[in-house]
Amino acid sequence: FNTTCLIMSAATETSPPAQEMPPPPPKEKPLTFIENVIAGTAGGCALTLVGHPFDTVKVRLQTQPKPLPGQKPMFTGVLDCFKQTIQKEGITGLYKGITSPLAGQALLYAICFSSYGYGQKIQRSSPDEELSLFKIFNAGVFSGFASTVIMTPMELVKIQMQLQFDDGAKKYKNPLDCAKKIFAERGIRGIYRGTGSTLVRDAPGSGVYFVFYEIVKRNLAEMHRQSGHTGTQPNWHFLVAGGCAGLFGWMFMMPLDTVKSRLQAAPEGVYKSMADCWIQTLKHDGPTGFYKGFPAVAIRSAPANAACFWTFELVAKWLRSGEKKREVEL
């Protein structure tokens, strides 16, 4: 009995102590309205520069005319669309219409991220509260509603510019000329054509988008902590979370985006309403018609949204560090 006790005592003395999990890092202070504007603008510009070529291909695939019996479609797929665009128009053809979204990033993403931040703020009981995913979704929906005011005319001009395929006679010289001519022909209603479909796409779509970002980001943070690391999340977490958010968000939004693009690209009178566009698309192209151009979206959404959130978070870190420095100096 004594021998057994001695062995057990020795084993207890020599066994290493259980490793304690490091505590979670302190909650970061929410950004102010101006900080959300600055970081959101930077993220939006990064997204546009990375993703616009794929967006051009997506729009052209979504809006190409239905081929007659026995004829081949204008584009057989994503790679063929890339190939034809570069052969006929050069690399710059993939960046057609970029001036409109890039010039609009300051206002669009200022609204997007500041309204998302405000949507979070009004649901928080304290600055340190980690919002539930339901509240994150609500804040995203609020952001989608607010962004529609800028998104609708910006995307209308972008789509019209992207649909000028050849280097021959062009109706629009540049995005500003496009906006002027649409306004002259159809007035303010023409500029805001497709508002309903944009709202239907962006309100729930933004909610899904931000929820997926938070899910991946929080899980990566927990894995980081459980592996024994302390401090803030590494920057590559934001790349992964942003890429996943873009990919899964667009899986949800793609049918809504197809209807929006067709409404904004079609001549006046082709579709009576958003519901009519849904019916005609389903009738002529079947369910797969709503996912035309999705391979281009899938290829685009991961790197473009990874760049967006990575840039947003880096700028947010820089702004917070500057604020802390000013607080220390005071």
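Relevant structure appears above.
Residues numbered from 1 in each chain as written. Predicted model: local features only at pLDDT ≥ 70, side-chain atom pairs only at ≥ 80, totals over all residues. Heavy atoms only, no water.

So, on to a nonpolar patch on the surface. On the surface, V149, F183, I188 and Y192 cluster together into a nonpolar patch covering about 380 Å² of accessible area. Inspection of the secondary structure assignment puts Y192 in the loop between α7 (175–191) and α8 (195–226). Judged by relative accessible area, which is 31%, Y192 ranks as partly exposed. (Patch = residues over 30% accessible without salt bridge, like charges linked within 9 Å, V, L, I, M, F, W, Y side chains within 5 Å. Areas by Shrake-Rupley, 256 points an atom, 1.4 Å probe, with all protein chains shown as cover. Salt bridge = Lys/Arg side-chain N within 4 Å of Asp/Glu carboxyl O. Helix = DSSP H or I, 4+ residues; strand = E, 2+ residues; numbered from the N terminus. Buried < 20%, exposed > 50% of the residue type's maximum accessible area, 1.4 Å probe, protein only.)

This part takes up the pattern of salt bridges. For the structure shown, the criterion picks out 19 salt bridges. Taking the shortest distance from any N to any O, the salt bridge between D55 and K158 comes out at 2.6 Å. Taken together, the positions of D55 in helix α2 (residues 33–63) and K158 in helix α6 (residues 133–162) put the pair 103 residues apart, joining distant regions of the chain. Between E222 and R225 there is a salt bridge; the shortest N-O distance is 3.0 Å. Pair noted here: E222 and R225 are both in helix α8, with a separation of 3 residues, about one helical turn. Residue class for R225 comes out buried when judged on its relative accessible area of 17%.

Below, the discussion takes up the nonpolar core. If you look at the biggest cluster of nonpolar residues, it comprises 30 residues, and the most contacted ones within it are F113, Y209 and F210. Elements supplying a minimum of two residues to this core: α2, α5 (105–121), α6, α8, α9 (236–265) and α11 (294–329). Considering each element in turn, this core owes the most residues, 7 residues, to α11. Excluding residues within four positions of it along the chain, Y209 makes contact with L47, A245, G246, N305, C308 and F309. In this structure, F54, L61, V78 and C81 belong to the second largest nonpolar core, which totals 9 residues. (Core = buried A, V, L, I, M, F, W, Y, C linked by side-chain atoms within 4.5 Å. Contact = heavy atoms within 4.5 Å.)

Once that is clear, we can look at the packing of aromatic side chains. The full count for this structure, using the stated rule, is 13 aromatic pairs. Considering the side-chain rings of F210 and F309, the 6.1 Å spacing of their centres and the 90° angle between planes classify their relative orientation as edge-to-face. Residue F210 is found in helix α8, and its partner F309 is found in helix α11; the two are separated by 99 residues along the sequence. The exposure class of F210 is buried, given its relative accessible area of 2%. A relative accessible area of 2% means that F309 is categorised as buried. (Phe/Tyr/Trp six-rings, centres within 6.5 Å; stacked < 30°, edge-to-face > 60°.)

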